[in-house]
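# Geometric and topological summary
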2 protein chains.
Amino acid sequence: MQQTRLDTGRIRAARRVIDPVFLGTPLYRCEALEPGLGCVVSIKLETANPVRSFKGRGTEVVASLLAEHGPRAVVCASAGNLGQALAWSGRGRGLDVTVVASRFATAAKLDRIRALGAGLELVDGDHELARERAAAIARYDGIRLVEDSLDLETCEGAATIGLELVEARKRAKPGAQAKRADLTDLTNLTNLTDQADPTDLTNLTEQAELPVPAPPFDTVLIALGGGALATGVGHVLKALAPGVEVICVQPLGAPALTRSWHERRVVTTDSTDTIADGVAGRRPIPAVLDDLLLVADDAVLVQEASIITGMRMLLDHAGLVVEPSAALGIAAILEDRDRFAGRHVVTIVCGSNVDGDAYRRWVGAAALPHRV
Amino acid sequence: MQQTRLDTGRIRAARRVIDPVFLGTPLYRCEALEPGLGCVVSIKLETANPVRSFKGRGTEVVASLLAEHGPRAVVCASAGNLGQALAWSGRGRGLDVTVVASRFATAAKLDRIRALGAGLELVDGDHELARERAAAIARYDGIRLVEDSLDLETCEGAATIGLELVEARKRAKPGAQAKRADLTDLTNLTNLTDQADPTDLTNLTEQAELPVPAPPFDTVLIALGGGALATGVGHVLKALAPGVEVICVQPLGAPALTRSWHERRVVTTDSTDTIADGVAGRRPIPAVLDDLLLVADDAVLVQEASIITGMRMLLDHAGLVVEPSAALGIAAILEDRDRFAGRHVVTIVCGSNVDGDAYRRWVGAAALPHRV
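Described in the following lines is the structure provided in the data block. Here, residues in each chain are numbered from 1, in the same order as that chain's written sequence. Numbering of ligands from 1 and lettering of chains from A proceed in the order in which they are written. Only residues with pLDDT of 70 or above have their local features reported here, since the model is predicted, and side-chain atom pairs are shown and tallied only from 80 upward, although totals for entire chains, interfaces and linings are computed over all residues. Side-chain measures were taken over the full set of non-hydrogen atoms in the model, leaving aside hydrogen atoms and water.

Attention now goes to the overall build of chain A. What counts as a helix is a DSSP run of H or I of at least four residues, what counts as a strand is a run of E of at least two, and both are numbered from the N terminus. In terms of helices and strands, chain A carries 16 helices and 10 strands. Pairs of residues are marked as contacts when any of their non-hydrogen atoms sit within 4.5 Å. Restricting to contacts in chain A with at least 6 residues of sequence separation, those with at least 24 account for 74%. Of the roughly 13,200 Å² that chain A leaves accessible, carbon and sulfur atoms contribute 50%. Throughout, the Shrake-Rupley method with a 1.4 Å probe supplies accessible areas, and for residues the shown protein chains are the sole cover considered.

In structure tokens form, the structure reads like this:
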């Protein structure tokens, strides 16, 4: 592939400075989701850590470099997850962290940023205004500006998810799996899916034939916001597992980077309208788009209703409370079942910082319906 | 310490035959829980795997031994989690698995056992009747009976959690942490807790002074059911980190093994009355009690209301949907804040298989209140 700004060796090095609490996250097949989706689904869970999102991987790289070489003061704009992660990483290294956020940001995220001891400045506008304000603070105070997705460290941190996916995929090669499981005839087992509980078929007209055990994953669905997660994970997959399809997913209500990818030029929008606060940008960064053009096989847009159904399915069938951005992958499958039928899809559950009131409103009064 | 039935070398060997999907589970501090509990709290999360409980560790050991040497047919009694895990482990190795359960068992657990292709037989009684029936099936059919907590493999599998805890604790030694974080003066940072959001103080009369960063954990809270988890993890902790206090927690409504521990002889009860279905036994196994007497520092009983508050706190402040047994540790802290004040407690979140209707009923209509 053509060169992105990323380098696999640097990503491996980045992994060594990240607190292990953010690394080696669970990757597991969730069969209870599969009858409703018609494909094999594995979850890469990035919420079981001190900041409940994948952003700690990147901020650990940023903060460890600053602690060694850089200024001790740092500012970032954030929809909430980056700020929380930078506050955590900075606190552990004695850095002075300021976070700029929209005053409309998710309250739970802002609360945690404050609780972690960071300075928090709210702007009366959206995330793009927060980005402008953070840049102004950095210029005025002469402190380090951390720009999500533009700063390589944020992409390299996120990219370590890609290393873990590739390593797990290598272990899961059918040969390796059969050897470990001491199975001589895998085909005998595929019939077992016929015994799956038929009441679990929520939205499927006919029973999908899903393999047991599953082949290695062939598709990774990645929430697309600023682009750090997509370009980081995408770079590693294209470098080390080029046969895996990399599909980015963004809400229809915040389509700027997806439209940019399709038109191969930066497209901005005047506003955003989505509950997926973590990915609601309007002004894609040109260098990030360039990388995305090299590593993404597709970028798709999904409706709000699908995001909400995805959140509900993750609650009902996986027992996971997630924020809207983390349900984008499930939403993409729901909107195009034929495309994914029979495939083995990994969806990165990237965050779980959500306001309780909003969550209940979205997922519904029957927030925990028949079966969790 | 005196010899339990367990052996640390065998536990290390057991780890090598367990599917990695059950190993290396997240262990992370959850600061959002701390203002309400008055101590440093870390979660060892055993729910992010294909069977949503820690039981897969043990059934992997059982099934891999059977696949190599033993009969191909196996039966177990289960409240649901062991059966689901044995079904998963057996399916991957071509074993014929039968699970016997109470017809009052959690429906979500029974559904998953069926979906995984195991035979399921329901008895019209409680878990102790299921145990009798499973033993009868094994005798009659001449197949292998897996007895949770009695069979060493079930304890050895659970004990691998202990290995992970000890390894993480070694990494987290204050010296190591300071070095990694490049901090020269840890005391400067403790003041940051003063900035914690005061609205988070749900039940505390005065602000606890919690350390940032935290010292290594000094206490592990373990749900006590049959005893495999407690004796397994307890054995490893007493062998490799003897300074750590091992506290078992059981519901007041299912106190048989806790009473037995206090009286140092097997005490049975006529019935159980608890929502914590995973730990509701009436007839402790003598050999398991003997081990428990050697490794547990204490065994405490908690009220149902505390279990429910614990479930709600894990939902509100950690974003975790858990089954009642997994909230026993939080319940124990809630009932004795003074005992745990200022300590660093690990609680093992051991399962998340729960019926949605029951969960909503327990946790309340405001299932996801003010802040998730």
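That shown, we press on.
Another point: the pattern of salt bridges. Pairs may arise between side chains of opposite charge once their charged atoms sit close together. We count a salt bridge whenever a side-chain nitrogen from Lys or Arg sits within 4 Å of a carboxyl oxygen from Asp or Glu. Inspection of the entire model under this criterion finds 54 salt bridges over all chains. The salt bridge involving Arg343(A) is made with Glu245(A); its shortest N-O contact spans 2.2 Å. Of this pair, Arg343(A) sits in the loop between helix 15 (337–340) and strand 10 (344–349) while Glu245(A) is found in strand 8 (residues 245–251), placing the two residues 98 residues apart along the sequence. Both residues of the pair, Arg343(A) and Glu245(A), belong to the buried class. In this structure, Asp298(B) engages Arg339(B) in a salt bridge whose closest nitrogen and oxygen atoms are separated by 2.8 Å. With a 1.4 Å probe rolled over the protein chains alone, any residue whose accessible area is under 20% of its type maximum counts as buried; one over 50% counts as exposed, and the rest are partly exposed.

This brings us to the sheet that holds strand 2 (residues 40–45) of chain B. Sheet strands pair by backbone hydrogen bonding; their relative direction is either parallel or antiparallel. All names here are of chain B. A pair of strands counts as paired when DSSP detects no fewer than two bridges linking them. What the 6 strands build is an open sheet, ordered 1-2-10-7-8-9; its pairing is mixed. This sheet does not close on itself; its edge strands, each paired only once, are strand 1 (27–29) and strand 9 (298–302). In this sheet, adjacent strand axes meet at a mean angle of 25 degrees when their direction is disregarded. Bridging between strand 2 and strand 10 (residues 344–349) involves 6 bridges; their strand directions are parallel. Opposite lysine 44, over in strand 10, you have isoleucine 348 as the bridge partner. For helices, the fitted axis covers only the stretch in contact; all axes are lines through C-alpha atoms, and the angles between them, taken along N-to-C directions, range from 0 to 180 degrees. Seen against the sheet, helix 10 (residues 228–240) touches strand 7 (219–223), strand 8 (245–251) and strand 10 and runs at an angle of roughly 160 degrees to strand 7. Contacts between helix 14 (residues 328–335) and the sheet are confined to strand 2, strand 7, strand 8, strand 9 and strand 10, with strand 9 contributing the most and set at about 85 degrees to the helix.

The biggest cluster of nonpolar side chains holds 208 residues, and the ones touching the most others in it are Ile43(A) and Ile43(B). If we skip the residues at most four places from it in the chain, Ile43(A) touches Pro26(A), Leu27(A), Tyr28(A), Cys30(A), Leu33(A), Leu314(A), Ala318(A), Leu320(A), Thr347(A) and Val349(A). Among buried residues, those of type Ala, Val, Leu, Ile, Met, Phe, Trp, Tyr and Cys that are joined through side-chain atoms within 4.5 Å constitute a nonpolar core. Within the second largest apolar cluster, 12 residues are counted, among which are Ala73(A), Val100(A), Val123(A) and Ile143(A).

All of the buried residues along helix 11 (residues 256–263) of chain A are Ala256(A), Leu257(A), Thr258(A), Ser260(A) and Trp261(A). Close packing links the buried residues of helix 11 of chain A with strand 8, helix 12 (286–295) and strand 9 (298–302) of chain A.

Moving on, we get to the pairing of strand 5 (residues 119–123) of chain B. All names here are of chain B. As paired strands, strand 4 (residues 96–102) and strand 5 are joined by 5 bridges and run parallel to one another. Looking at the pairing, valine 100 lines up with glutamate 121 of strand 5. Crossovers are marked right-handed if the path from the first strand over the helix to the second runs clockwise, as seen with the strands pointing away from the viewer. With respect to chirality, the unit in which strand 4 leads through helix 5 (residues 107–115) into the neighbouring parallel strand 5 is right-handed.

All names here are of chain A. In contact at an axis separation of 8 Å, helix 3 (residues 55–68) and helix 4 (residues 81–91) are set at 45 degrees when each is read in the N-to-C sense. Between helix 3 and helix 4, the interaxial angle falls into the category oblique. Viewed along their axes, helix 3 and helix 4 form a crossing whose handedness is right-handed. When helix 3 is examined against helix 4, the residues Lys55, Gly56, Thr59, Glu60, Val62 and Ala63 are found in contact with a partner set consisting of Asn81, Leu82, Ala85, Leu86, Trp88, Ser89 and Gly90. Each residue gets one of three labels, nonpolar for Ala, Val, Leu, Ile, Met, Phe, Trp, Tyr, Cys and Pro, charged for Asp, Glu, Lys and Arg, and polar for the others, Gly among them. For the contact of helix 3 with helix 4, a count of residues per class yields 6 nonpolar, 5 polar and 2 charged. Just so you know how the angles are binned, under 35 degrees is roughly parallel, over 145 roughly antiparallel, 65 to 115 roughly perpendicular, and the rest oblique. For any pair of crossing helices, the crossing counts as left-handed if the nearer helix is rotated counterclockwise from the farther one by less than a right angle, and right-handed if it is rotated clockwise.

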